[in-house]
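# Architecture and fold: a report
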Amino acid sequence: MDLWSISFVIENQFKNLFSEYVEDLEGYLSSSLFNNTKKNTKNVLPINIINNLGEFHQNEFWTLEVLVQKKPDNNLVEMKLNNLARQLSVNEYYTDDITWEKKINAKKVSIKKIIQKNWLNINRQSFPVINIERFYIYGSHIRKNYSVYKIPIKINASTAFGTGSHATTKCCMQAINYLSQRFSPKNILDYGCGTGILGIASKKVFKKSKVIFVDIDEDAVKLSKKNIELNHIKVNGVYLTNSFFETKYIKNNYYNLIFANILFMPLFKLAPVFKKIIKPNSFLILSGLLKQQIPYVINRYNNFGFIEEKKIISEEWGSVIMSIKY
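In this report, the structure presented in the accompanying data block is examined.

Calculation rules
- Residues numbered from 1 in each chain as written.
- Predicted model: local features only at pLDDT ≥ 70, side-chain atom pairs only at ≥ 80, totals over all residues.
- Heavy atoms only, no water.
- Salt bridge = Lys/Arg side-chain N within 4 Å of Asp/Glu carboxyl O.
- Helix = DSSP H or I, 4+ residues; strand = E, 2+ residues; numbered from the N terminus.
- Buried < 20%, exposed > 50% of the residue type's maximum accessible area, 1.4 Å probe, protein only.
- Phe/Tyr/Trp six-rings, centres within 6.5 Å; stacked < 30°, edge-to-face > 60°.
- Lys NZ or Arg CZ within 6 Å of the ring centre and 35° of its normal.
- Core = buried A, V, L, I, M, F, W, Y, C linked by side-chain atoms within 4.5 Å.
- Contact = heavy atoms within 4.5 Å.
- Pairing = 2+ DSSP bridges.

## Quick look at the pattern of salt bridges
For the structure on display, the rule yields 7 salt bridges. The partner of E218 in a salt bridge is K222, with the nearest N and O atoms 3.9 Å apart. Residue E218 and its partner K222 are both found in helix 7 (residues 218-230); the two are separated by 4 residues, about one turn of the helix. The class of E218 is partly exposed, set by a relative accessible area of 46%. The shortest N-O distance in the salt bridge between K325 and E309 comes to 3.9 Å. Note that K325 is positioned in the segment after strand 18 (317-324) and E309 in strand 17 (residues 306-314), a separation of 16 residues in sequence. Accessibility expressed as a relative area gives 46% for K325, which makes it partly exposed. Here the salt bridges do not stand alone but share partners, grouping R182, E309 and K325 into one network.

Right, dumping it as structure tokens:
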């Protein structure tokens, strides 16, 4: 089946209207909105506003990409988009470069055929062995070749976060290795497990520990279970973070080690929860943070009795190890 992409820039206040409107295009399959970072119109430059915490606050313009399974008629696409554009009193759209260049304030519509590929297999082939200190991370497509001093972790490229290639995952792996030289936790929580790579790494390091994996995404939970099986380890549960399973992983004063490689705002909000479920004289690894966000997170967790032990920085990202002594 051939697929075609129709993409164009829309104003923030009209993104929902256009998203629904294009569903009537012949052969319509799906539509997606993307943060727009290129100058797609002559007189309008999209602006992304980010505050000091690195949080996304506003996007004046978006790129709407529509996928259809039939070659679009350029004139019909123009006619349909401009029918709504005129109703909204916004600049009109053109599919050919010549007309677009002549018209003042015109917006360009890009129409192109999508080359069909198995992107997951291509991604896997481009996923090389990753060495992070004593961890050896590889995919099923690679014939493993490591020394007896390395800890092997088999993780395939996937739709979930955590294959070892991102800086925040590397920081977490380094943090686990650092803590392994200081203590041996009995109970571990991988909060926001993604592929399960961190929980798997901790179980291979702390062999006698009990590890629980949780994630808000059902696909991530399924993938973690597959990777746990792939690595031949036994764990104590993989759960969705919802009220139904909450009693399975929210346990007062229970965990000796918690790691959460997620995002700034969820980490900020989770401080009282982590304070409730962690035991005294235990450690917390917080990651998924830009360097400039780390001081805010440290200050937030200081207010709940946590103390900074160590920061680990990689590129523009970082992790922080916190401890609690109460």
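Moving on from the model shown.
## Some details on helix 6 (residues 197-205)
Every α-helical turn comprises 3.6 residues, leaving residues that sit three or four positions apart pointing alike. Counting buried positions along helix 6 gives 9 out of 9 residues, so the element sits mostly inside the fold. The complete set of buried residues in helix 6 reads I197, L198, G199, I200, A201, S202, K203, K204 and V205.

## Some points on the packing of aromatic side chains
Taken as a whole, this structure holds 12 aromatic pairs when the rule is applied. Between the aromatic rings of F8 and Y93, the centroid separation amounts to 5.3 Å while the plane-to-plane angle is 75 degrees, which identifies the pairing as edge-to-face. Of the two residues, F8 is situated in strand 1 (residues 3-11) and Y93 in strand 6 (residues 93-94); the sequence distance between them amounts to 85 residues. Accessibility assignment for this pair places F8 and Y93 in one class, buried. Relative to Y93, the ring of F18 has its centre 6.1 Å away and its plane inclined at 70 degrees; by these criteria the two rings are edge-to-face. With F18 in helix 1 (residues 15-21) and Y93 in strand 6, the pair connects residues that are 75 residues apart, well separated along the chain. Across from the ring centre of F268, 4.5 Å away, lies the NZ or CZ of R300, which sits over that ring. Note that K310 overlies the ring of Y178, its terminal NZ or CZ placed 5.2 Å from the centroid.

## Focus on the nonpolar core
Counting 35 residues, the largest nonpolar core has F135, I137, I153, M173, I176, L257 and I285 as the members making the most contacts within it. With residues near it in sequence (within four places) discarded, I176 still touches F135, L198, S202, V205, F206, F259 and I285. I212, L267, A271 and V320 belong to the second-largest nonpolar core, a separate cluster that totals 27 residues.

## Focus on the pairing of strand 1
For strand 1, a buried count of 9 out of 9 residues is recorded, marking the element as mostly surrounded by other parts of the structure. Judged by which residues are buried, strand 1 turns out to be covered on both faces: L3, S5, S7, V9 and E11 on one side and W4, I6, F8 and I10 on the other are all buried. As paired elements, strand 1 and strand 8 (residues 110-114) share 5 bridges and run antiparallel to each other. Across the sheet, L3 pairs through a bridge with I114, a residue of strand 8. Pairing analysis gives 8 bridges linking strand 1 to strand 5 (residues 61-68), with the strands arranged antiparallel. Paired with I10 across the bridge in strand 5 is W62.

The quantities given are spatial measurements derived from coordinates; they are silent on function.
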